Every structure is written in structure tokens, then in C-alpha cells.
Amino acid sequence: MSDRAASAQVARRGRAGALSVPGSMMTFMTENSALLSPAAYAEAVTTALAASAAYYGDGTTPLGDDEYDGLLRAIAAYEETHPDEVLAESPTGKVAGGAVQGDVPHSVPMLSLDNVFDADELAEWAAGLERRLGHPVAGWCVEPKLDGLAVAARYRGGRLVQVLTRGDGLAGEDITHAADAVLGLPPVLTRPIDVELRGEVLLTTAQFEEANRIRLAHEATPFAHPRSGAAGTLRAKDRPYRVELTFFAYSAIGLDDLGHVALLEDLAALGANTAASTAAAPMRCETVEQVQERIDVIAGLRADLPFGIDGVVVKADTAEDQRQAGNGSRAPRWAVARKLAAEHKVTRLLEVEWNVGRTGIIAPRAVLEPVVIDGVTVTYATLHNPSDITRRGLMIGDQVFVYRAGDVIPRVEAPLVDQRTGAESPIVFPEACPRCGDAIDTSEQRWRCVRGRSCQAVASVIYAAGRDQLDIEGLGGTRAIQLVEAGLVQDVADLFTLTREQLLGLERMGETSAANLLAAIETARGAALSRVFCALGVRGTGRTMSRRIAAHFGSMAAIRAADADTLAGVDGIGTEKARVIAAELVELAPLLDRLQAQQVGTQVTEPQKPATEATGGDGAEDAAGGPLAGQAVVVTGSMTGPLAALSRNEMNELIERAGGKASSSVSKRTTLLVAGEKAGSKRTKAEELGVRIIDPEVFADLVADLLPA
Ligand code: IVH
């Protein structure tokens, strides 16, 4: 995690823009902030000290790393322009932001690191070091910046005798009691020497998950993130459970004056764990370009590493260069941390949605105030299950810690209880299944609709029978539930095997209703390919996408034969969506086989679009000769006359049958707007763009031959 002792050099990163008075710490969160008054400066210092004390205390923190770094930059920038106003307690230039002290003196001060935030700053720092040395650096070592807590482990005659935290850099706290639980910190070294190993103690991802599992079982609040878990665990003395941690050695007092790479090898030979055991192993580089390359490699590995890193450390490798460069009071001059964007961010929990999965599991999902984490905007995050929400004590409106790394699904980890304003409200748990309305089985941690998988069956049958899919009249919610419960229907294909006798066996089903339903199902057997495809409910495909896919491939067989690459050729399908659809088609293969056996979606092949059209077809014969050939058509307002009965989807189908391209928004590519009653902004926009506008009656004339009888 961020080293909370900001270096004075960050003042160079002075930012434009004003910091508002910090009624809440969140006001510091903007990157481009400047402190405008002595009062704002003093308050910022107080905020930083409180955050730093919490961070180095029990590991809690009201600020994310990036926000804390931004705050420190603002303080340092203010101090540079107002040197007479610098407060004695200011965190700038102090190890641990001056927040913590210990009572056991360190043999040699435990220093922090200066930070750089991009390649240019790193190059500038390296050039500065070489100027100071008066010669090029004789090789670099590049290694991960482990996101934990610095400790010093003292060995006498090869036996571990004392473990200390960094404290204020001059004296630390004795945490020897925690040593047993720290993997990679051997009680006995392979050589009987007096030495002090220094390194980082952290919770690996697996240890963090295990720690929270144990804590939840003991009804303790889960750790917000691995670093706070490591901090809390190192200090804790009387816990009724054990949480394992991991040590990574990166320096030593009392070993020969080795270069850094050689030192790391010796540390490993002594039996200590080092980053050499990981994919992001320390590497010697000869040039700054190679250093940058290695940084990029480590940054790329970050998401897959089994522990957290918050940067990459670059060190002059040789003992001679290190000695010559020397140390400042806070940090060595021969090493620097190239910070990586934080993976934890603080944002607001706006809402909780409850989604029902395929197996009937009802999973909560957090809707967040959008927050950028490592370049990706995060709006949703997983919340695991209802009891997890309760244990974490989350409320709507809370500031929460959100974690995201690489491709992992972002998750909400903990609320910042100190930040509550009183305006937060409890999270309301659903009392009935949000999908089918039936009861919820709450006996397990993960709530589930009592219908289990058939909740999905009811919902998917209702969807498939809907007006824009197979349009099976008489097959609404109640009937669908009845059919599923009677064991007659599990999915859409089963509808086509229903018999009159089966239907008559159902309650409230007379001869007429049964005959009508069977007739409606029979009609659906000949539904257009786009509708049959839509009825499958393939993820990522709604009505519009289903029409495009049907028009592109022309037959269900062609759709099924398509791989992700081919699917990506359809207008509006990107590589990710193509992958999802291809996977869904594989999963749906048995259902599709049964539909085919029932001759559903097989009789009608759809005309394909030529490649020149936006649907990206592959050039087969099409409806290009239709009355709307070459037109990009948008429909707005309510339809009247012969079109009054058509849903928007049916209007769009009509447009495509007539050779046009249907779209939902007006743009400069639009060539025709069908504007019905109460047409609003789309009409205005079309007028502005000079798009031709016609009313529904004129349109009906244009496509008269294609209108349903
Ligand atoms: S070298 C004199 N190497 O980052 C050398 N520190 O932000 C000072 N850290 O206090 C430290 N990984 O707690 C070094 N590979 C690494 C590191 C590392 C993590 C921590 C350490 C340090 C802090 C500075």
C-alpha cells in the first residue's frame, strides 16, 4: 500500500484547482486540488494525521491510497509556497507521516522510499541520481513493492529473538509474539549468525480470504483489505484464533556488503522468503530502459500475483553506488518506488440490486457511485450474500472500500463507519423472489428462490412467450408457473410437445383455452428466426441484436455454426460479447437440438443483409430491393392507423423486412424518421439535422405490401 510518508518531492506535482474545505475527507479526493487558505491547510494536515494514525494503528483508514497521496501532495505544494506556515506536526518528510512511534530503538533507522508516479518521473529521478554520483549507475535491481508492513527481525546466533515494526523509523513496537504466525520468517536461520532481516509482512490473497473466513466464523468484522488485516493481525495479542501471514525479506543489517541482487540470494539461502520465489522476481537491469520494461512486466503480472503490490521498487544494485548516494532522513537516495494505481478505492454505495441466477440463487449486487480503479470505471460490485451484508454492517449511502484487480469482479469490502452522516439507510432485503415472486429459501447463507432452477424456467418460458419473441397469447405468468409446476415444461422447447390432454389436466383449463393455447403455440412454431433466437434469451442479445444476428446468418444452422470470430462480424457485437454469445450457444445446444426436432425456427430462413449494410452481412441475397432499401429509419411517438397495433419491435422488424436499417436514435446517418403522436426530442433532432420526417400513415403506405394482413 501507499507509503504514507509523502516525500517533499511530490510537491513538484502541484496541481491546479481548488480543494474545498474538508467537511468530509472525501473533499480531498480530487487529483487536481490545491489548498487555498491557512485554515484549509491546517485541516488537511489534521486529516492526514488522523488517516495516517488509523492506517498505521489498526490498519483502518478513511482514505484510499490515491486520495491520501493526493492529500499529501496538496499539503506539500502549500508548504512549498508558504514556507513560513509549515506546521510542526506536518506529515511531509516524515516516516509513516509522523503518525506512529515505537519504544524499541532500531539499530539503523528503518527508512521509507520516495515515490515516482510515471515513467518520466522515474527517468528524471534516475538522471538525478547519476548526476549526484557523477557517473552512470552500475546496474539496477527492479522488484515488487509489497503491500504490507515493514518489520525488522533480529537473529542472534541464527535464532530469531525479536521482531519490531517500523514505527517512526527510529524506534518500533515489539511484535515478537506474532512471529510464529508469519510464514517465510524462519525461527532458525541456516547459518548461526547475528543479523537483522528487514522486509514486508503481508496477507497473501489466500491468507486474506482465510482470515476473513475465520473472523466471520468468530463473529468478528472482516478485514477491509489485506493490508489492514496484516496490520491488525501483527498487533493483536489475545485472539481466540490464528491468522497466518507471510514475510518477504528485502534487506538486512549485518550481512556482507553485497550488491542488492546478491543480497536477496543470500537472504533466501538463509531460509527467509524473498520475492525471488514469485513470478515478479527481482531482476537486475543494466539500463533505465530495461528498468522501465521490467516495471511494465511486473505491473502486467500484478493481477495474477497471489499477494498485493502497490508499486515497483527500483534500487541501485551495487553496494558502492548505494554507499556513495547515501540516505536522506526519510528515504535512501539510491532507491525509489514507482507507484502503481491503487486497487482499493473509496466510493459511495448507492443501491443494492438483487439478481436471480440460473440456479435460483438470489445474489446482491452493489450499485456504486462510479469510481475509476486502475483505469477502469467501476459501477457495480459483488456483495456475496445477505448475511455478508449484515456482518459487514453496510448501509445505503455508505462510503465503502471497493477492491478491483485485473479481471476480478470488483467487490465491496467494508463501510467507512466514521464517515457516516446519519443520512444512510438500511439495505432492504427482498421478501419474495425478485424474478418470479415466489418465496425465498433463506436457510443457507446464499438465498435461493424456493423454485430453484425452475424459477429460471418460469421466467424464461414467460420471456420466450412474450410479445417480441414467440408471441404466444395465453401464456402469461400464471400459466407458465402452472406448466412448470406440473412438470410439463422446463424450457421453451417443451412448449412444442404439449398435448391437449396434458393441458386439460391442468386446473382452470377448459377445452377452449387449451385449443387456443395449442393454436398459439402452433403459430409460434413458424415464427421468424429473429424471434426464435430472441426467445432463447441468450445473454447479451435483446430484440435488436437478435434481428441483426438473424439477418446476418439467415438460418439457425448458420448461427449455430458460427464461432466467436464470425459472430464478431455482426454489427454491434464486440469481441467480448461474441465470446459470451458463442459460449451461450454451446450451452444451449441440447435445447436448440430439441427445438430443431420440433421444427421451431427451422422452416423460416431469414433474408441476409449484404456486407455493405451496417448489419455486416456476408453478401447473400437480401431485401435490398425493398421499399426502404438503403434507408436508416428511426421510429418515434405512438403509431396510428394500420400501424397502431405494432410494438416497437414489430415496427423495427417491418423496417428490416422492407430493406431498411432500424435504429433507436437519430444521428447524422439517419435518413428517415417515422414520427407518430407525441414525438419529442427525436423529432426536434431530426429537424435540426434535416432528416426527412413522415407520419405513420405515409409510412404505412410505403410498406403496405409487407404489412401483416
Ligand atoms: S526497500 C532502505 N523494498 O515500502 C530501503 N521497501 O514505501 C527501504 N516495501 O518502508 C525499503 N516492498 O515497507 C523496499 N521491495 C521493497 C519493498 C519495500 C515494500 C515497503 C517498505 C518501505 C515502504 C516504502
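Here goes a summary of the coordinates provided. (Residues numbered from 1 in each chain as written. Predicted model: local features only at pLDDT ≥ 70, side-chain atom pairs only at ≥ 80, totals over all residues. Heavy atoms only, no water.)

1. Points about the sheet that holds strand β23 (residues 692–694)
What counts here: A pair of strands counts as paired when DSSP detects no fewer than two bridges linking them. In DSSP terms, a helix is any run of H or I states spanning at least four residues, a strand is any run of E spanning at least two, and both are numbered starting from the N terminus. Interaxial angles span 0 to 180 degrees and are taken between N-to-C directions of axes, which are lines fitted to C-alpha atoms, for helices over the stretch in contact. What makes two residues a contact is simply this: any of their non-hydrogen atoms within 4.5 Å.
Taken in spatial order, the four strands line up as β21-β20-β22-β23 in an open sheet, and their pairing is parallel. Looking at the sheet topology across the chains shown, the edges are occupied by β21 (661–663) and β23. Strand-to-strand twist across the sheet, computed as the mean angle between neighbouring axes with direction ignored, equals 30°. Both strand β22 (residues 672–675) and β23 contribute to a ladder of three bridges, which runs parallel. Within the sheet, the bridge partner assigned to Leu-672 lies in β23 and is Arg-692. Running over the sheet, helix α22 (residues 681–689) touches β20 (632–636), β22 and β23 and is turned about 145° from β22.

2. Side note on the side chain of Thr-246
How we decide: Note on exposure labels: buried denotes an accessible area under 20% of the residue type's maximum, exposed denotes more than 50%, and partly exposed covers the range between, all computed with a 1.4 Å probe on protein chains only. Think of a polar contact as two N or O atoms within 3.5 Å of one another; within protein, one of them needs to be a possible hydrogen donor and the other a possible acceptor, and neighboring residues in sequence only count if both atoms come from side chains.
One can find Thr-246 in strand β9 (residues 245–253). For Thr-246, a relative accessible area of 10% corresponds to the buried category. A distance of 2.9 Å separates the side chain of Thr-246 from the side chain of Gln-207, its partner in a polar contact. With residues up to four places along the chain from it excluded, the contact list for Thr-246 reads Val-182, Leu-183, Glu-200, Val-201, Leu-202, Thr-204, Gln-207 and Asn-273.

3. What about the packing of aromatic side chains?
Put simply, the rule is: Pairing of aromatic rings covers Phe, Tyr and the six-membered ring of Trp, with a centre-to-centre limit of 6.5 Å; geometry is then stacked below 30 degrees between planes, edge-to-face above 60, and tilted otherwise. Note on criteria: charge over ring means Lys NZ or Arg CZ within 6 Å of the ring centre, with the direction from the centre no more than 35 degrees off the ring normal.
Summed over the entire model, instances satisfying the criterion amount to six aromatic pairs. Measuring from centroid to centroid gives 6.3 Å for Trp-354 and Trp-447, while their planes differ by 20°, and the two rings are stacked. Separated by 93 residues along the polypeptide, Trp-354 in strand β13 (residues 344–356) and Trp-447 in the loop between β18 (440–441) and β19 (448–449) bring together distant segments of the chain. Each member of the pair Trp-354 and Trp-447 is classed as buried. Aromatic rings pair up to connect Trp-354, Phe-429 and Trp-447 into one cluster. Positioned above the aromatic ring of Phe-223 is the side chain of Arg-215, whose terminal nitrogen or guanidinium carbon lies 4.1 Å from the ring centre. Lying across the ring of Tyr-380, Arg-365 places its NZ or CZ 3.6 Å from the centre.

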